[in-house]
Amino acid sequence: MLAQEIIHGIKKPKEGDNVVIKLNMAKAYDRVSWAYTYLVMRKMGFSVFFIEMIWRIMSNNWMLNKLYLNQNYQGFHMEPRGPQINHLSFADDVIIFTSGQRTSIQLIMKTLTTYEQVSNQLINRDKSHFMLHVDSPQGIAEMLKEEAGFTQKDNPINYLGCPLYIGGQRNIYYSHLVDKIAKRISGWQATMLNFGGRLTIVKHVLHSIPIHTMAAISPPKTTLHYIKRLTADLFWGREKDKKKYHWASWENITFPYDEGGLGVRHLNDICNSLQYKQWWHFRSTNSLWGQFLKAKYCHRANPVVKKWDTGQSLVWKYMSNNKSQVEEHIIWKINSGTCSFWWDNWLGEGPLAHHTNESNRLNNNTISQYMLNGGWNETMVRQHAPPLMIPKILSIQFQFQEGVADQPIWKLTDNGKFTCASTWENIITKRPKIKLYSYIWHRHIPFKVSFLLWRALRRKLPTNDKTTTFGVPLVKCSCCIKAGWDTIDHIFVTGHFANHFWQYH
């Protein structure tokens with residue numbers, strides 16, 4: 001998420017000033033788990049200082065951070081109030097952000113050469129590449145090829161399995177995700193699986209593949225629609241390279257069992273719950289990503305009231321669209337008064353700013369500015385707070401803990417911690433629960449029996465009353481002594497076989 005947010009500003013201050021470099025490590029042993037090596041070294045008794053030094057060299061490319069100490073180095077243009085980042089790395093996946101000046105590129109290559117000598121790792125220059133804005137001068141690209149020996153790559157580049165792109169989001173950037181699911185489906189013999197096996201594959205295999213991408217960057221709805229079509233085709237099956245008729249829409253299947261569905265979670269709902277998690281993470285932690293966003297979008301206003309403007313990133317747009325719904329379920333526990341006096345919900349009745357029209361509600365005062373000796377400064381509270389809310393404020397008791405930040409509490413869980421499951425449960429469309437379905441989907445009943453009853457109740461079986469709409473000739477029931485039309489009512493209620501069955505059961 002941080003890498004995409006940085007790349008979003010590649011045009012600033014002007015095209016050609018910013019470059020993104022993606023490194024590819026050449027040595028085979030760069031795939032060794034350095035986390036495992038770290039644990040082994042601790043077990044062998046090496047000092048913490050020595051292990052941390054080796055860890056920084058091997059996993060974090062810490063030497064790149066020293067480039068800012070060089071006066072000749074100019075980095076990627078970022079908000080001056082926020083953190084200045086020139087690289088991100090996870091294991092052997094390294095991405096560098098820098099300016100397009102020759103001296104900066106030369107310093108980076110000198111640092112990488114030193115890194116190769118120290119760590120005994122090698123950079124594959126043939127597979128490493130860089131990305132520029134489409135309007136960048138051609139001379140920048142030629143200089144990079146000359147100094148670094150890397151090739152130029154168009155949108156997008158992949159980092160940690162997610163596409164990083166310049167400009168607007170496009171469906172083609174997520175084609176690898178759709179192809180991955182399609183290849184996984186093609187490797188299975190769906191005709192050898194019953195409906196229970198296919199449903200398990202959809203729930204626990206296919207729907208788990210896009211989770212990593214959706215947690216970082218929300219794919220377009222069209223991409224999610226493609227994935228939905230692939231999973232629906234697998235579930236209902238194929239015959240002679242042709243997909244079979246879908247007896248129920250995927251929207252009806254994505255309801256819980258007791259609401260008439262099959263318990264499959266809709267990808268759009270999962271994606272929305274992960275967007276909620278992004279806002280929660282932004283508000284509840286002091287991460288590098290959060291610091292970058294606050295410096296970029298909220299350096300003058302509280303994030304709760306900051307609106308999305310044209311030209312800002314897509315991630316920030318989704319977060320801005322969802323923040324009001326997420327904030328409804330957040331309440332702040334006062335420790336040292338670090339949360340906003342006006343805009344954070346520490347009263348339990350929403351932001352205090354919603355209870356007044358005074359202009360002072362637009363400031364960023366913290367609760368600590370209304371405290372005195374570990375309690376409320378009653379004079380300050382009565383002077384600035386809305387009159388109707390003063391008794392409520394002064395009645396709130398808290399235990400002052402100096403140096404401990406105020407704690408956000410997620411109201412949808414018992415322990416106050418955020419979970420995507422609680423969010424999903426809150427945002428999904430619900431239907432009235434039907435008691436009959438709880439009997440049908442009893443855990444002691446085989447799935448194939450429950451699924452047959454579910455289809456029968458919804459009249460989703462290939463009987464005459466349905467197949468005639470496809471132009472199939474009418475047939476008579478072959479299981480009865482008396483001839484009757486093959487309908488759901490005849491098979492399960494009025495037919496000879498059904499009557500005989502219900503006499504004894």
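Everything that follows concerns the structure shown earlier in this document.
The shown structure was predicted, so the numbers you read here are calculated from the model rather than taken from an experiment.

Asks: Would you explain the overall build of the protein in this entry?
Replies: Looking only at helices and strands, one finds 21 helices and 13 strands in the protein. Projecting the C-alpha coordinates of the protein onto the three principal axes gives extents of approximately 95 × 70 × 55 Å. The 505 residues of the protein split such that 45% are buried. Considering only contacts within the protein whose residues lie at least 6 apart along the sequence, 64% involve residues at least 24 apart. Put simply, the protein shows about 27600 Å² of open surface, and 54% of that area lies on carbon and sulfur atoms.

Asks: Would you mind going over helix α12 (residues 288–297) with me for this structure?
Replies: An α-helical turn contains 3.6 residues, so a residue and the one three or four places further along point in the same direction. Burial of α12 is extensive: 7 of the 10 residues sit out of reach of the surface. Every buried residue belonging to α12 is among Trp 289, Gly 290, Phe 292, Leu 293, Ala 295, Lys 296 and Tyr 297, and all of these are buried.

Asks: Looking at this structure, how should I read the packing of helix α11 (residues 267–284) against α12?
Replies: Close contact between α11 and α12 brings their axes to 9 Å; oriented N to C, the two are set at 85°. In terms of axis orientation, α11 runs roughly perpendicular to α12. For the pair α11 and α12, the contacting residues are Gln 278, His 281 and Phe 282 in the first and Trp 289, Gly 290, Leu 293 and Lys 294 in the second. Tallied by class, residues from the contact of α11 with α12 come to 3 nonpolar, 3 polar and 1 charged.

Asks: How should I be thinking about the sheet that holds strand β5 (residues 151–152) in this particular structure?
Replies: As a general point, the strands of a sheet are linked pairwise by backbone hydrogen bonds and lie either parallel or antiparallel. Strand order in the open sheet made by the 5 strands is β2-β3-β1-β4-β5, with mixed pairing throughout. Edge strands, defined here as strands with exactly one partner in the open sheet, are β2 (87–90) and β5. Sheet topology note: the strand β1 (residues 18–23)/strand β4 (residues 129–131) ladder contains 3 bridges and is antiparallel. Within β4, the residue paired with Ile 21 across the bridge is Phe 130. Sitting on the sheet, helix α4 (residues 102–119) touches β1 and β3 (93–99), and the angle it makes with β3 is about 150°. Contacts between helix α5 (residues 138–148) and the sheet are confined to β1, β4 and β5, with β4 contributing the most and set at about 160° to the helix.

Asks: Even after reading the chapter, I still don't get the environment of Glu 5, so can you show me in this structure?
Replies: Assignment of secondary structure puts Glu 5 in helix α1 (residues 2–7). As a C-alpha pair, Glu 5 and Trp 316 span 311 residues in sequence and 8.9 Å in three-dimensional space. With residues near it in sequence (within four places) discarded, Glu 5 still touches Phe 292, Leu 293, Lys 296, Tyr 297, Ser 313 and Val 315.

Asks: Before we go on, may I ask you to explain the pairing of β1 in this structure?
Replies: Taken residue by residue, a regular strand's side chains alternate between the two faces of the sheet. Of all 6 residues in β1, 6 are buried; the element is thus mostly enclosed. Burial along β1 is two-sided: Asn 18, Val 20 and Lys 22 and Val 19, Ile 21 and Leu 23, pointing in opposite directions, are all buried. As paired elements, β1 and β3 share 6 bridges and run antiparallel to each other. Bridged to Val 20 within β3 is Phe 97.

Asks: Looking at this structure, I do not really get a nonpolar patch on the surface. What am I missing?
Replies: Together, Met 44, Phe 46, Phe 49, Phe 50 and Met 53 make up an exposed nonpolar region whose accessible area comes to about 510 Å². By the element assignment, Phe 46 lies in the loop between α2 (34–43) and α3 (48–59).

Asks: Would you mind showing me how to read the state of the cysteines here?
Replies: Here is the idea: a disulfide is a covalent bond, and it sits between the sulfur atoms of two cysteines. Under the defined criterion, the tally for this structure stands at 0 disulfides. Of the cysteine sulfurs around Cys 271, a residue in no disulfide, the closest is that of Cys 420, at 11 Å. Given the relative accessible area of 4%, Cys 271 is considered buried.

Asks: Hey, could you run me through the pattern of salt bridges in this one?
Replies: A side chain of one charge can pair with a side chain of the opposite charge if their charged atoms are brought near each other. Evaluation of the coordinates by the stated rule reveals 13 salt bridges. One salt bridge in this structure joins Asp 258 and Lys 433, with 3.7 Å as the shortest N-O distance. Taken as a pair, Asp 258 in the loop between α10 (250–253) and α11 and Lys 433 in the loop between α16 (420–427) and α17 (435–440) lie far apart in primary sequence, 175 residues in all. Of the charged contacts in the structure, one is a salt bridge between Lys 392 and Glu 349, with a shortest N-O distance of 3.8 Å.

Asks: I'm lost on the environment of Leu 132 in this one. Help?
Replies: Among the secondary structure elements, Leu 132 is positioned in the loop between β4 and α5. Sequence spacing of Leu 132 and Leu 224 is 92 residues, and the spatial spacing of their C-alpha atoms is 29 Å.

Asks: Explanation requested: the side chain of Ser 336 in the structure shown.
Replies: When you line up the elements, Ser 336 lands in the loop between β10 (330–333) and β11 (371–372). On the basis of relative accessible area, Ser 336 is assigned to the buried category, the value being 11%. There is a polar contact of 2.6 Å between the side chain of Ser 336 and the backbone oxygen of Val 404. Apart from the residues within four sequence positions on either side, Ser 336 is in contact with Ser 368, Met 371, Phe 400, Gln 401, Glu 402, Gly 403, Val 404, Ala 405 and Asp 406.

Asks: Any chance you could explain the packing of aromatic side chains here in plain terms?
Replies: Counted by the stated rule, this structure contains 32 aromatic pairs. Summarising the aromatic geometry, the rings of Trp 236 and Phe 451 are spaced 6.4 Å apart at their centres and angled 40° between planes, so their arrangement reads as tilted. With Trp 236 in helix α9 (residues 221–236) and Phe 451 in helix α18 (residues 447–457), this residue pair connects regions lying 215 residues apart in the sequence. Among the residues examined, Phe 451 registers a relative accessible area of 4% and is labelled buried. Arg 265 extends its terminal NZ or CZ atom over the ring of Trp 424, reaching a point 4.1 Å from the ring centre. For the cation-ring pair, Lys 317 lies above Trp 308, with the distance from its terminal atom to the ring centre recorded as 5.0 Å.

Asks: When you look at the nonpolar core in this model, what are you seeing that I'm missing?
Replies: A general tendency of soluble globular proteins is for nonpolar side chains to be buried together. If you look at the biggest cluster of nonpolar residues, it comprises 61 residues, and the most contacted ones within it are Val 20, Phe 97, Phe 341, Trp 346, Trp 376 and Ile 393. For Phe 97, the residues in contact, after removing those within four places along its chain, are Ala 3, Ile 6, Ile 7, Val 19, Val 20, Tyr 73, Phe 76, Met 78, Ile 85, Asn 86, His 87 and Leu 88. Among the nonpolar cores identified, the runner-up in size contains 31 residues, and Leu 199, Ile 201, Ile 270 and Trp 454 belong to it.

Asks: In this structure, what is going on with α4? I would like to understand it.
Replies: Counted at 1.5 Å a residue, the expected span for α4 with its 18 residues is 26 Å, and the 26 Å between its end C-alpha atoms agrees. Of the residues making up α4, those classed as buried are Ser 104, Ile 105, Leu 107, Ile 108, Met 109, Thr 111, Leu 112, Tyr 115, Glu 116 and Ser 119. Asn 120, located one to two residues past α4, shows a positive phi value of around 65°.

Reading the values: rules and limits
Residues numbered from 1 in each chain as written. Predicted model: local features only at pLDDT ≥ 70, side-chain atom pairs only at ≥ 80, totals over all residues. Heavy atoms only, no water. Helix = DSSP H or I, 4+ residues; strand = E, 2+ residues; numbered from the N terminus. Buried < 20%, exposed > 50% of the residue type's maximum accessible area, 1.4 Å probe, protein only. Contact = heavy atoms within 4.5 Å. Areas by Shrake-Rupley, 256 points an atom, 1.4 Å probe, with all protein chains shown as cover. Axes fitted to C-alpha atoms, helices over the stretch in contact; angles between N-to-C directions. Parallel < 35°, antiparallel > 145°, perpendicular 65-115°, else oblique. Nonpolar A, V, L, I, M, F, W, Y, C, P; charged D, E, K, R; others polar. Pairing = 2+ DSSP bridges. Patch = residues over 30% accessible without salt bridge, like charges linked within 9 Å, V, L, I, M, F, W, Y side chains within 5 Å. Salt bridge = Lys/Arg side-chain N within 4 Å of Asp/Glu carboxyl O. Disulfide = S-S within 2.5 Å. Polar contact = N/O pair within 3.5 Å; in protein donor to acceptor, adjacent residues only side chain to side chain. Phe/Tyr/Trp six-rings, centres within 6.5 Å; stacked < 30°, edge-to-face > 60°. Lys NZ or Arg CZ within 6 Å of the ring centre and 35° of its normal. Core = buried A, V, L, I, M, F, W, Y, C linked by side-chain atoms within 4.5 Å. Expected span 1.5 Å × (residues − 1).

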